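# Geometric and topological summary
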Amino acid sequence: MSTPVSPVIGVLALQGDVREHLIALAAADAVARPVRRPEELAEIDGLVIPGGESTTISKLAALFGLTEPLRERIAGGMPVYGTCAGLIMLADKILDPRSGQETFGGIDMIVRRNAFGRQNESFEAGVTVTGIDTPVEGVFIRAPWVESVGAEVEVLAEHDGHIVAVRQGRALATSFHPELTGDHRIHELFVAMVRAEG
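What comes next is a walk through the structure. None of these values were measured; they are calculated from a predicted model.

Another aspect to go through is the overall build of the chain. Within the chain, the regular secondary structure consists of 6 helices and 12 strands. Over its C-alpha atoms the chain spans a radius of gyration of 15 Å, differing by no more than 12% from the 16 Å that the globule rule assigns to 198 residues. If you line up the chain on its principal axes, its C-alpha atoms span 40 × 40 × 35 Å. Every one of the 198 residues in the chain was classed for burial, and the buried ones make up 52%. Carbon and sulfur atoms make up 48% of the accessible area of the chain, which amounts to about 8,500 Å² in all. Considering the chain, the positive charge centre built from 17 side chains and the negative charge centre built from 27 side chains are found 5 Å apart.

Listed below in structure tokens is the structure:
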């Protein structure tokens, strides 16, 4: 699919902070649209998988017939960006999966769910991200962290000694929520990744 000047980027709209990602993508000069069905998935140049609850996203993706189409497009090289639960969904392996929980895969990493604690232990912190000149404000809400990565994965950021942002080829993932801060630089980085595929 040829990528227009403003790439069309979907936000998986099954659960989570979909609206905030749509706003951030539009601010980063992309055409942003929600994706709930396989035919909508076929019309986009890249996809954001938002935060929420990874087990719920896994179940709803299966219910909406999106699991296999998503796996195929990600494996086929569609640019994808996952935040928080989205990071979990992009992992090839989860350390502590819920019963029946599946991921879309795409990044050779092992993640730990809710690693930074429960909802009431949520916090914000400045995070230094490779490729972004000053720290971004990271909002960590029941956030996972990355336990380990494969040789092809680039670690972009750490917090308290734990990996919180990674990239493997056309797949990007953060433990935190940049869409909640008004700082759109990570979305701009992802839009540039999508545009580069054009």
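The next thing to look at is the nonpolar core. Residues Leu12, Leu47, Phe104 and Met109 are the most contacted members of the largest nonpolar core, which totals 32 residues. The biggest single contributor to this core is helix α5 (residues 85-90), with 5 residues. With near-sequence residues (within four places) excluded, Met109 lies in contact with Leu87, Leu90, Ala91, Asp92, Lys93, Val146, Ser148, Val149, Val166 and Ala173. Formed by 30 residues, the second largest nonpolar core is a distinct cluster that contains Ala115, Val127, Trp145 and Val164.

With respect to the helices, strands and loops of the structure, Arg19 is situated in helix α1 (residues 18-27). Sequence separation between Arg19 and His184 is 165 residues; the distance between their C-alpha atoms is 14 Å.

Alternating residues of strand β12 (residues 171-174) divide into Ala171 and Ala173 and Leu172 and Thr174, and every residue in both groups is buried. By the bridge criterion, 4 bridges tie strand β4 (residues 80-83) to β12 in an arrangement that is parallel. When the bridges of β12 are listed, Tyr81 appears paired with Leu172. Pairing geometry for strand β11 (residues 162-168) and β12, over 4 bridges, is antiparallel. Of the residues in β12, the one forming a bridge with Gln168 is Ala171. The antiparallel hairpin formed by β11 and β12 contains 2 residues in its connecting segment, where Gly169 sits at a positive phi of about 60°.

Turning to the packing of aromatic side chains, a few remarks are in order. For any pair of aromatic rings, the description consists of the separation of the ring centres together with the inter-plane angle of the planes. Applying the stated criterion to the full structure yields 6 aromatic pairs. Between Phe116 and Trp145, the aromatic rings sit 5.0 Å apart at their centres with planes inclined by 85°, giving edge-to-face as the arrangement. You can see Phe116 sitting in the loop between β6 (107-112) and β7 (123-127) and its partner Trp145 sitting in strand β9 (residues 145-149), a full 29 residues away along the chain. The burial state of Phe116 is the same as that of Trp145; both residues are buried. When the ring of Phe123 is compared with that of Phe140, the centres are 4.7 Å apart and the planes differ by 10°; the resulting orientation is stacked.

Conventions adopted
- Each chain has its residues counted from 1, following the order in which its sequence is written.
- For this predicted model, a pLDDT threshold of at least 70 governs which residues receive local features, and a threshold of 80 or more governs which side-chain atom pairs are given and counted, while totals over whole chains, interfaces and linings are taken from all residues.
- Hydrogens and waters are ignored; side-chain quantities use all the structure's heavy atoms.
- The way it works is that DSSP assigns letters per residue, a run of H or I at least four long becomes a helix, a run of E at least two long becomes a strand, and they are numbered from the N terminus.
- Here the globule rule reads 2.2 Å times residues to the power 0.38, and the radius of gyration is calculated from C-alpha atoms.
- Exposure is judged per residue with a 1.4 Å probe applied to protein chains only, and the accessible area is read against the type maximum: over 50% gives exposed, under 20% gives buried, and values in between give partly exposed.
- The accessible surface values rely on the Shrake-Rupley method and a 1.4 Å probe; as for residues, cover is taken only from the protein chains in view.
- In this tally Asp and Glu are treated as negative and Lys and Arg as positive; neither His nor the chain ends contributes.
- To locate a charge, the coordinates of NZ of Lys, CZ of Arg, CG of Asp or CD of Glu are taken.
- The definition of a nonpolar core used throughout is a set of buried Ala, Val, Leu, Ile, Met, Phe, Trp, Tyr and Cys residues joined through side-chain atoms within 4.5 Å.
- Note on contacts: a residue pair is in contact if any heavy atoms of the two residues lie within 4.5 Å.
- In this analysis, strands are considered paired if DSSP registers two or more bridges between them.
- Aromatic pairs are defined between Phe, Tyr and Trp rings, using the six-membered ring for Trp, whenever the two ring centres lie within 6.5 Å; interplanar angles under 30 degrees are classed as stacked, those over 60 as edge-to-face, and all others as tilted.

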